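As a plain string of letters, each chain reads:
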Amino acid sequence: MVETAGGGPGDGAAEVLDRPLPDGVRRRVVQIVSDGFGGLTLAELPAQLRQYARFAPNRRAKFAGNAMAAALETDPLFRQRIGEKLREAQPELSGALDSGSPPPAADPLDVAAAAYVLRPAGWVKLVTAAGEEALRADAERADEESRAELERLREQLDRSREQTRTETERLRTELETARKEAEALHRKLRAALSDVKRGEAALRKAQAEMEAVRSEGQAQVSAAESETRRLKARLAETEAALEAGRKAAREGRSVEDMRVRLLLDTVLDAAQGLRRELALPPVSVRPAETVDAVEPGRMSPKDIAARALSEHDPAILDQLLALPQAHLVVDGYNVTKTGYPQMPLEKQRLRLLGQLSQLAAQTGAEVTCVFDGAELAAPVLLAPPRGVRVLFSKPGVTADELIRQLVRAEPPGRPVIVASTDREVADGVARVGARPVASAVLLKRLS
């Protein structure tokens, strides 16, 4: 369909193509634009095509084909410039189109592409006719290719049939030969099976005899191994008992020596203190004067009450630690969670150990701080402070059990003070001769 707008019947610029440009014509148009592209200056090119000015014609047609086709359709000035380049390149074809009589021998696609660019009168018919001609040529070419392919397939089918007949005859001959060979093999197989059965019977008999011999040998070996294991077990028990006896003798003697030596140091320190007491001038102090009582005009009942110490008075702890060879055992987490439970465990330990170090330096007493190992997520890297022994209970052992073990390890007569609010711990250590002190008393003394 051809429409005219704003021109006379012979004005080709007013004609409008009412269908998409055929692919063959479009490729020729893009090639014409690409060929004429290089002859234009940068200022003569539309803005959207200037980036392709340095491209080679083939690359320009490949990467800027859509942009060039769009610019040719929408920009009349650019189409006019490309038309001028086309007239210079193909003057005969351009003149023939201007005269309205395209060359009959020219390629319809070239004629349609040149008409699309130059837009002479009737160019839409030329483009439409070129498209139809291209479709017809494609159909004829496809028909020719189909006929050639059909002929090739027929020839291939005939060859395949001939090959199939030949192969069938060959396979029949081979099958007959194989059938004869199979019959001969069957006869040989039956003879071999008979030999195998006789051999299997002889093998079963030999296996039975060998199994009997093996069973008898295994029984003898088992009896020998049982006796060997029994003797090894007896030997291991004897060696273990001997080593345990030696170890017990060594450790018992070492522990007893340590306990006796520590008790002797305790007695000596107490004797020295007693010696200092006995060295006082006998004329200045009399035994009766050591009795605490109220003398007329010198003391009042209030003074007597002030001298009495409460169980929660930190002075009790000072008196206990002043005893010779005193040993203070601290239930670590019991004390820290009583005094400052809101702090992280690591900071609780560091604060308590720093205060205990100061207490040990002030009193000279032996100080051991016990923490529950079950509270640990990982091994603790800790440098014990001066004067304080730091212990963590092993897996499966609570801090309470470790404290009782420490108290039982001390010799009878040595003053041992245990700081813990746990009633079970306090009662347990009291039964073995230690002196329990509440955690609050130790916290008061440390603060």
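Criteria and thresholds
Residues numbered from 1 in each chain as written. Predicted model: local features only at pLDDT ≥ 70, side-chain atom pairs only at ≥ 80, totals over all residues. Heavy atoms only, no water. Helix = DSSP H or I, 4+ residues; strand = E, 2+ residues; numbered from the N terminus. Buried < 20%, exposed > 50% of the residue type's maximum accessible area, 1.4 Å probe, protein only. Contact = heavy atoms within 4.5 Å. Areas by Shrake-Rupley, 256 points an atom, 1.4 Å probe, with all protein chains shown as cover. Salt bridge = Lys/Arg side-chain N within 4 Å of Asp/Glu carboxyl O. Axes fitted to C-alpha atoms, helices over the stretch in contact; angles between N-to-C directions. Parallel < 35°, antiparallel > 145°, perpendicular 65-115°, else oblique. Nonpolar A, V, L, I, M, F, W, Y, C, P; charged D, E, K, R; others polar. Pairing = 2+ DSSP bridges.

Draft legend 1. Just the overall build of the protein chain, in detail. Check the secondary structure of the protein chain and you find 14 helices and 5 strands. Counting every position in the protein chain, which comprises 447 residues, the buried fraction comes to 27%. For the protein chain, the share of sequence-separated contacts (at least 6 apart) that also reach a separation of at least 24 residues comes to 60%. Just so you have it, the protein chain exposes about 29700 Å², and 56% of that area is on carbon and sulfur atoms.

Draft legend 2. Quick look at the pattern of salt bridges. Scanning the model with the defined rule gives 16 salt bridges in all. With a closest N to O distance of 2.1 Å, Asp195 and Arg198 form a salt bridge. Taken together, the residues Asp195 and Arg198, both in helix α7 (residues 123–278) and 3 residues apart, mark about one turn of the helix. Classification of Arg198 by relative accessible area gives exposed; the value is 53%. With a closest N to O distance of 2.8 Å, Glu366 and Arg389 form a salt bridge. Note that Glu366 is positioned in strand β2 (residues 366–371) and Arg389 in strand β3 (residues 388–392), a separation of 23 residues in sequence. With relative accessibility at 38%, the residue Arg389 sits in the partly exposed group.

Draft legend 3. Highlighting the packing of helix α3 (residues 65–74) against helix α4 (residues 76–89). Following both chains from N to C, one finds α3 and α4 inclined at 105°, their axes separated by 5 Å at the closest point. Taken together, the axes of α3 and α4 lie roughly perpendicular to each other. Counted together, Met68, Ala71, Leu72, Glu73 and Thr74 of α3 and Pro76, Phe78, Arg79 and Ile82 of α4 form the full contact between these two elements. Split by residue class, the contact of α3 with α4 holds 6 nonpolar, 1 polar and 2 charged.

Draft legend 4. Focus on the environment of Asp422. Here Asp422 shows up in the loop between β4 (416–419) and α13 (423–431). For the pair formed by Asp422 and Asn334, sequence separation is 88 residues and the distance between their alpha carbons is 7.5 Å.

Draft legend 5. Examining the sheet that holds β3 more closely. The sheet built from 5 strands is open, its strands ordered β3-β2-β1-β4-β5 with parallel pairing. Two strands lie at the open edges of the sheet, namely β3 and β5 (435–437), each paired on one side alone. Here the strands of the sheet are splayed against their neighbours by 20° on average, with no regard to which way each runs. Taken together, the 5 bridges between β2 and β3 define a ladder with parallel strand orientation. Directly across from Thr368, in β3, lies its bridge partner Arg389.

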